[in-house]
Amino acid sequence: MDQNTAHRGTRRVALKALAATTLAPLSACCLIQPKKLQPVCPNAPAVSYPNGPLTIDAHCHVFNGTDLQVQEFLSRVAVKQSGVLGFAARAIGELLENLAWIYAPSGEEELAALEKLSVALQTCTQEDHASRVGILKQDGYKRGRTQLRTALAKSQQLQGLKTQRSLGAFWAAPNSTEAARIEALSIVESLPEHFTEYEALSSTKAKRMETFSGLTRSMATFSVQGLINFVLQNFQYRYVSVHDYLATYNQPGSRVVDLMLPSMVDYDFWLKKGCPTFTSLETQVRVMRQISILTNGRVHPFVPFDPLRQVASDLGYAKGDSLKLVQKAIGEDGFVGVKLYPPMGFSVLGNAERDGKGFWKQSWLPDWTDREDLGSRLDGAMRQLFAWCESEQVPVMAHTSESNGPSAEFEALTDSRFWMQALNEFPKLRISFGHFGGSSPVAAGMDRSRAFAGLMNAAPSSPGSRAYADAGYFVEVISKEPDLQTVLRKLYEETSSKGDAALVNRFIYGTDWEMTLTEGTVKGYLEGFETLFKELEAQPALKLQGHTELAARFFGLNAARWAGLFPGEATRIRLDRFYGKHGIKPDWVAKIDKRAGTA
């Protein structure tokens, strides 16, 4: 055990002891107990449909509260956002601050559980599937329910509301923030014992909210419900979250998700001055490797690269080397690609232009980042990554929405002009622009999406010849599907003359689950896009231009091309080697091989 590991372990024990002391007045049954995992059959009809259409989610997450700096993300980033996430985070911030994320399952705990699970899966029968998933979900729900109630007991703000309520002193016409806090109090106090009851209640509330017009009582209800959904999910095992995701979106006998490409994130240096998460990145990689195996190749993650961590390592401020982590995860552990998160504080290239201007002299960053050459060093780290990814044909996915950064100046680093510079230097880079420049094209307009679409080129080896974009967090498909269909139709038509670079060949399905849970309802996400593309395929203009199979391309084929999943491509060769070692035969491989004529 190295010094960092020992420090994390000591800190975890100390924090748990402190939490136990704080909770002493509560009955022993309220304390969270380790939950027992049960196997979920990887070939059960609920998750496997060999004859169905190829479906790949290129943008999702299955992390939990020990994998990322949740507290700092909510208090420093989420509160600055617009929409339901920002509103709810600001309204019930005190409740969120009192959550003890150390009670989410650590990576080591999950590895031990997955080892036992692997034995049970050897004799797993399809009939067991539904009951086993139910057991898993109930266990995770109980953990989150306990922590939310504990946080409520420690929240002076919400306890004050309880006192007002007991005195009959609630406001007759509360403003939106007051309404949100009242809603949070009501939700947490009345959390039922079983997850099925909770899901029914939250679903009923979601149906009441059809539009997001104004900060009304409905929005207060909707946003708080969504944030609590997110909190509960972050107290789950990652393995459980995979199957929660599949249960949410799969349509047995019609369409199931064949392949999830969940992204890990690394916020340690940007949000907590290099302090590591309770579950280290190396352990997270080990956990996700095992999940890839146990789900029969249905899950293959993207590993995060943080140029600031790389610079810290180069300068001796950190032991972890970000590029080495990436190379090992992709070369040995079944990972598919690399995830970048520029709004944390870096552009993909062009950082040197900010040298000497105090750009990184920020209270939330390590003191050593206030140096004259940090931008140049960040560029150097990015060039190392891109050169390797281009050489090894490794796909990259990056957050390109102007959101989810600790400041507006940092969020602006997602601009397409930085990607133009990167693609000019690395023209064959396999890149997917996560969120397509902005996840709300109906509300915010199409300018950013147009700019990123403009970087896509058809000529082989030209800059952007392997550039794509995904639909992560396009929640407007649920509430404003006709409007979103109109926007996408315009973008498809505008790019229709670009040949292989037409959007019909470059747009990829993505959900951004778990983050979308904050919206309050995500059940209709996949179905909404199915409806949208059915309508899009009927458009005469697109038919006249010879564009066909819009849905097939969007839901699977475009992602397979971007990631290099067809036979003989670099990613596929790496995965085939991984599959051979572990005896895995995924559904998606057979579907792609059939399409390629090699099955």
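Now for a description of the structure that goes with this document. Everything quoted here is computed from the prediction, not taken from an experiment.

**Digging into the pattern of salt bridges**
Tallied over the full model, the rule gives 29 salt bridges. The partner of Asp-373 in a salt bridge is Arg-377, and the shortest N-O contact between them spans 2.9 Å. On the accessibility criterion, Asp-373 (25% relative accessible area) is partly exposed. Overall, Arg-377 belongs to the partly exposed group, its relative accessible area being 32%. A salt bridge links Glu-494 to Arg-450; its shortest N-O distance comes to 2.8 Å. Taken together, the residues Glu-494 in helix α22 (residues 481-494) and Arg-450 in helix α20 (residues 447-453) connect sequence positions 44 residues apart. Assessed through its relative accessible area of 33%, Arg-450 is described here as partly exposed. Because the salt bridges share partners, they merge into one network encompassing Arg-289, Lys-328, Glu-332 and Asp-333.

**Some thoughts on the sheet that holds strand β8 (residues 507-508)**
Ordered in space as β3-β4-β5-β6-β7-β8, the six strands form an open sheet in which the pairing is parallel. Two strands close off the open sheet at either side, each with one partner strand: β3 (302-304) and β8. Where strand β6 (residues 431-434) meets strand β7 (residues 467-470), three bridges bridge the pair, whose relative direction is parallel. The partner of Ser-432 across the bridge, within β7, is Tyr-468. Lying over the sheet, helix α18 (residues 416-425) contacts β4 (337-340), β5 (396-399) and β6, oriented at roughly 175° with respect to β6.

**With respect to the packing of helix α26 (residues 570-582) against helix α27 (residues 587-596)**
Their axes nearest at 12 Å, the elements α26 and α27 cross at an angle of 135°. The angle between α26 and α27 falls in the class oblique. Crossing angle aside, the handedness with which α26 passes α27 is left-handed. For the pair α26 and α27, the contacting residues are Arg-572, Leu-575 and Tyr-579 in the first and Trp-588, Val-589, Ile-592 and Asp-593 in the second.

**Examining the packing of helix α13 (residues 281-294) against α26**
In the contact formed by α13 and α26, the axes pass within 11 Å of each other and the chain directions differ by 75°. Considered as vectors, α13 and α26 are oriented roughly perpendicular to each other. Listed contacts from α26 to Arg-289, Ser-292 and Ile-293 of α13 are Phe-578, Lys-581 and His-582.

**Observations concerning α13**
Working note: α-helix, 3.6 residues per turn, so residues spaced by three or four point in the same direction. Between its first and last C-alpha atoms α13 spans 20 Å; for 14 residues at 1.5 Å apiece the expected length is 20 Å, and the two agree. Of all 14 residues in α13, 11 are buried, a share of seventy percent or more. What α13 keeps buried is the set Leu-281, Thr-283, Gln-284, Val-285, Val-287, Met-288, Arg-289, Ile-291, Ser-292, Ile-293 and Leu-294. One or two positions beyond α13, positive phi appears at Asn-296, with a value near 60°.

**Describing helix α23 (residues 525-537)**
Over its 13 residues, α23 runs 18 Å from end to end, which matches the ideal 18 Å to within 8%, given 1.5 Å per residue. Those residues of α23 hidden inside the fold are in contact with α11 (238-249), α21 (476-479), α22, β8, α24 (540-544) and α25 (550-563).

Parameters and conventions
Residues numbered from 1 in each chain as written. Predicted model: local features only at pLDDT ≥ 70, side-chain atom pairs only at ≥ 80, totals over all residues. Heavy atoms only, no water. Salt bridge = Lys/Arg side-chain N within 4 Å of Asp/Glu carboxyl O. Buried < 20%, exposed > 50% of the residue type's maximum accessible area, 1.4 Å probe, protein only. Helix = DSSP H or I, 4+ residues; strand = E, 2+ residues; numbered from the N terminus. Pairing = 2+ DSSP bridges. Contact = heavy atoms within 4.5 Å. Axes fitted to C-alpha atoms, helices over the stretch in contact; angles between N-to-C directions. Parallel < 35°, antiparallel > 145°, perpendicular 65-115°, else oblique. Left-handed = near helix turned anticlockwise from the far one by under 90°. Expected span 1.5 Å × (residues − 1).

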